[in-house]
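# Observations on the model geometry
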Amino acid sequence: DLTENPLTTLPNSSFLGLTHLQHLAVPLALECPGGSSAWEEVTTRGSSRLCQGQRNPCNGSGELAWPCPENAACAPDGPGLVQCLCNSPFHGYKCLREGTFPVLLFCGILGAVTLALSLLLWGTQRRKAKTP
């Protein structure tokens, strides 16, 4: 219940991840998060607007379905918000990479670069250390 809250706007990112939110009361001056199309029923009572029953934005009924890449599936992520989840075995930007993430290669390169930079800095900065 946000009716007594002196809000001027409701950023959609505030409701990111709230997929099970089913009842929300906002001040009459504000719209429901995600707009009226993101809710099954929007009613006004006194000085508040009641948003009930979050709709699944991934359903293509009535409107165009959310444009996810070819190797991804649409999943709701809050009122009027969606996320695209890569189908297995795809990953990466727009789910274009197939297979698993090369963890060993990534960690090996990261470790080697860290070790090389540490040795370089130790060797160049060693002369500046004070000896007793």
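Presented here is an overview of the structure given in this document. Predicted model, so just to flag it, every value in this text is computed and none were measured. (Residues numbered from 1 in each chain as written. Predicted model: local features only at pLDDT ≥ 70, side-chain atom pairs only at ≥ 80, totals over all residues. Heavy atoms only, no water.)

Secondary structure assignment for the protein chain yields 1 helix and 7 strands. Starting at the N terminus and ending at the C terminus, the protein chain contains elements arranged as β-β-β-β-β-β-β-α. By principal-axis analysis of the C-alpha atoms, the protein chain measures approximately 80 × 45 × 20 Å. By residue count, 23% of the 132 residues in the protein chain fall in the buried class. Counting only contacts in the protein chain whose residues sit at least 6 apart along the sequence, the fraction spanning at least 24 positions is 32%. Of the accessible surface of the protein chain, which amounts to about 9600 Å², a share of 59% is contributed by carbon and sulfur atoms. In the protein chain, 9 side chains carry a positive charge and 9 a negative one; their mean positions are 28 Å apart. (Helix = DSSP H or I, 4+ residues; strand = E, 2+ residues; numbered from the N terminus. Buried < 20%, exposed > 50% of the residue type's maximum accessible area, 1.4 Å probe, protein only. Contact = heavy atoms within 4.5 Å. Areas by Shrake-Rupley, 256 points an atom, 1.4 Å probe, with all protein chains shown as cover. Lys, Arg positive; Asp, Glu negative; His and termini not counted. Charge placed at Lys NZ, Arg CZ, Asp CG, Glu CD.)

Right, let's talk about the sheet that holds strand 1 (residues 23-27) for a bit. Overall, antiparallel pairing links the 3 strands, which are arranged 1-3-2 in an open sheet. Two strands lie at the open edges of the sheet, namely strand 1 and strand 2 (39-45), each paired on one side alone. In this sheet, neighbouring strand axes are inclined to one another by 20° on average, regardless of whether the strands run parallel or antiparallel. (Pairing = 2+ DSSP bridges. Axes fitted to C-alpha atoms, helices over the stretch in contact; angles between N-to-C directions.)

This part is about the state of the cysteines. For the structure shown, the criterion picks out 4 disulfides. Between the sulfur atoms of Cys-58 and its disulfide mate Cys-74 the distance is 2.0 Å. Between Cys-58 and Cys-74 the sulfur-sulfur dihedral comes to about -70°; the bridge is accordingly left-handed. Highlighted residues: Cys-58 in the loop between strand 3 (48-54) and strand 4 (72-76) and Cys-74 in strand 4, separated in sequence by 16 residues. On the basis of relative accessible area, Cys-58 is assigned to the buried category, the value being 17%. The disulfide bridge from Cys-68 ends at Cys-84, spanning 2.1 Å between sulfur atoms. Between Cys-68 and Cys-84, the disulfide has an S-S torsion of -85° and is therefore left-handed. (Disulfide = S-S within 2.5 Å.)

This part covers the environment of Glu-98. In this structure, Glu-98 sits in strand 7 (residues 97-98). The spacing of Glu-98 and Leu-50 is 48 residues in sequence and 44 Å in space, taken between C-alpha atoms.

Let us look at the nonpolar core. Core analysis: the biggest nonpolar cluster contains 10 residues, these being Leu-10, Phe-15, Leu-21, Leu-24, Val-26, Leu-30, Cys-32, Ala-38, Trp-39 and Cys-51. With residues up to four places along the chain from it excluded, the contact list for Leu-30 reads Leu-7, Thr-8, Thr-9, Leu-10 and Arg-49. (Core = buried A, V, L, I, M, F, W, Y, C linked by side-chain atoms within 4.5 Å.)

Here we take up the pairing of strand 5 (residues 82-86). Consecutive side chains of a regular strand alternate in pointing toward one face of the sheet and then the other. Looking at chain direction, strand 4 and strand 5 are connected through 5 bridges and run antiparallel. Bridging across to strand 5, Ala-75 finds its partner in Gln-83. Between strand 4 and strand 5, which pair antiparallel one after the other, the connecting turn spans 5 residues, and Gly-78 there sits at a positive phi close to 125°.

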